Amino acid sequence: MLFRSAAKIVELINRLPQLPMNALPTPASQAPVSTATPASLSQKILKEIQGLGDRLVRIQVIGDVKDVALTPAAQDLVRQQLRLHLISARMAWLSRMPNAAKEDLAQAEQLLSKHYQAQSPAVASMQKALVDLKADMAVQPGQKGQ
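Residues numbered from 1 in each chain as written. Predicted model: local features only at pLDDT ≥ 70, side-chain atom pairs only at ≥ 80, totals over all residues. Heavy atoms only, no water.

### Comments concerning the overall build of the protein
No. 1: Each helix and strand counted, the protein has five helices and zero strands in total.
No. 2: Of all intrachain contacts in the protein linking residues separated by at least 6 positions in sequence, the fraction that spans at least 24 positions is 79%.
No. 3: Accessible surface computed for the protein: about 9,800 Å², of which carbon and sulfur atoms make up 60%. (Helix = DSSP H or I, 4+ residues; strand = E, 2+ residues; numbered from the N terminus. Contact = heavy atoms within 4.5 Å. Areas by Shrake-Rupley, 256 points an atom, 1.4 Å probe, with all protein chains shown as cover.)

### Structural notes on the packing of helix α1 (residues 2–15) against helix α3 (residues 72–94)
The description of two packed helices rests on the angle between their axes and on the distance between the axes.
No. 1: One can describe the packing of α1 onto α3 by two numbers: an axis separation of 10 Å at closest approach and a directional angle of 170 degrees. The orientation of α1 relative to α3 falls into the category roughly antiparallel. In this structure, α1 contributes Leu2, Phe3, Ser5, Ala6, Ile9, Val10, Leu12 and Ile13 to the contact, and α3 contributes Arg83, Leu86, Ile87, Ala89, Arg90, Trp93 and Leu94.
No. 2: A class-by-class count of the residues in the contact of α1 with α3 yields twelve nonpolar, one polar and two charged. (Axes fitted to C-alpha atoms, helices over the stretch in contact; angles between N-to-C directions. Parallel < 35°, antiparallel > 145°, perpendicular 65-115°, else oblique. Nonpolar A, V, L, I, M, F, W, Y, C, P; charged D, E, K, R; others polar.)

### What about the environment of Leu19?
No. 1: Within the secondary structure, Leu19 sits in the loop between α1 and α2 (41–56).
No. 2: When the C-alpha atoms of Leu19 and Pro121 are compared, they prove to be 9.2 Å apart, with 102 residues separating the residues in sequence.
No. 3: The residues touching Leu19, leaving out its near neighbours within four places in the chain, are Leu112, Tyr116, Ala122, Val123 and Met126.

### What to know about a nonpolar patch on the surface
No. 1: A contiguous nonpolar surface patch, about 320 Å² in accessible area, is contributed by Leu41, Ile45 and Ile49.
No. 2: Relative to the helices and strands, Ile45 is located in helix α2. (Patch = residues over 30% accessible without salt bridge, like charges linked within 9 Å, V, L, I, M, F, W, Y side chains within 5 Å. Salt bridge = Lys/Arg side-chain N within 4 Å of Asp/Glu carboxyl O.)

### Observations regarding helix α4 (residues 98–115)
No. 1: A rise of 1.5 Å per residue sets the reference length of α4, with its 18 residues, at 26 Å; its end C-alpha atoms lie 26 Å apart and thus fit the reference within 8%.
No. 2: Every buried residue belonging to α4 is among Pro98, Ala101, Asp104, Leu105, Ala108, Glu109, Leu111, Leu112 and His115, and all of these are buried. Considered in projection along α4, the buried side chains sweep an arc of 165 degrees and stay on one side of the axis.
No. 3: Where the residues of α4 are buried, they touch α3 and α5 (121–139). (Expected span 1.5 Å × (residues − 1). Buried < 20%, exposed > 50% of the residue type's maximum accessible area, 1.4 Å probe, protein only. Arc of directions from axis to C-beta.)

### Describing the nonpolar core
As a rule of thumb, nonpolar side chains are buried together in soluble globular proteins.
No. 1: Leu86, Leu112 and Tyr116 are the most contacted members of the largest nonpolar core, which totals 26 residues.
No. 2: The set of elements that each furnish at least two residues to this core consists of α1, α3, α4 and α5.
No. 3: The element best represented in this core is α3, accounting for six residues.
No. 4: Leave out the neighbours within four places in its chain, and Leu112 touches Leu19, Leu82, Val123, Met126, Gln127 and Leu130. (Core = buried A, V, L, I, M, F, W, Y, C linked by side-chain atoms within 4.5 Å.)

### Details of unusual backbone geometry
No. 1: The backbone of Arg96 shows a phi angle near 60 degrees, a positive value even though the residue is not glycine.
No. 2: Relative to the elements of secondary structure, Arg96 occurs in the loop between α3 and α4.

### What about the pattern of salt bridges?
No. 1: Under the definition given, this model contains four salt bridges.
No. 2: The partner of Asp136 in a salt bridge is Lys8, and the shortest N-O contact between them spans 3.2 Å. With Asp136 in helix α5 and Lys8 in helix α1, this residue pair connects regions lying 128 residues apart in the sequence.
No. 3: Note that Lys128 and Asp132 form a salt bridge whose closest N and O atoms lie 3.0 Å from each other. With a gap of four residues between them, Lys128 and Asp132 both fall in helix α5, about one helical turn apart.

That's the geometry; what it means functionally is another story.
This is how it looks when you write it as structure tokens:
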């Protein structure tokens, strides 16, 4: 049972790259450019400055911090952190320290719920597998570190 749980954790680690994360919102579509030419040079300049400002600054209201999407670099960091929690859980489990393993699995669950698309079937199955692993570890009697 000890090695079977460790093998399940390795399987979860191997599935990590396929999990969909919360991505940055797609850029807003550009407003149609009017074909009518402004009457004067100053109007042309003002129109160009306004268009530049619209492309550089985007105001977005975010209701919850959880809704903030991550940049690609931050997504890589979250994936690595999730991978490290799973590896640490595996190492703790093989070292017969189930409390440490359960804590790492709980941290992995938090990362999944915060940064991954919960409606995705792959993420849902990963969350279920983590819950099942924690339940399996709770059943294991006679482990050191309890």
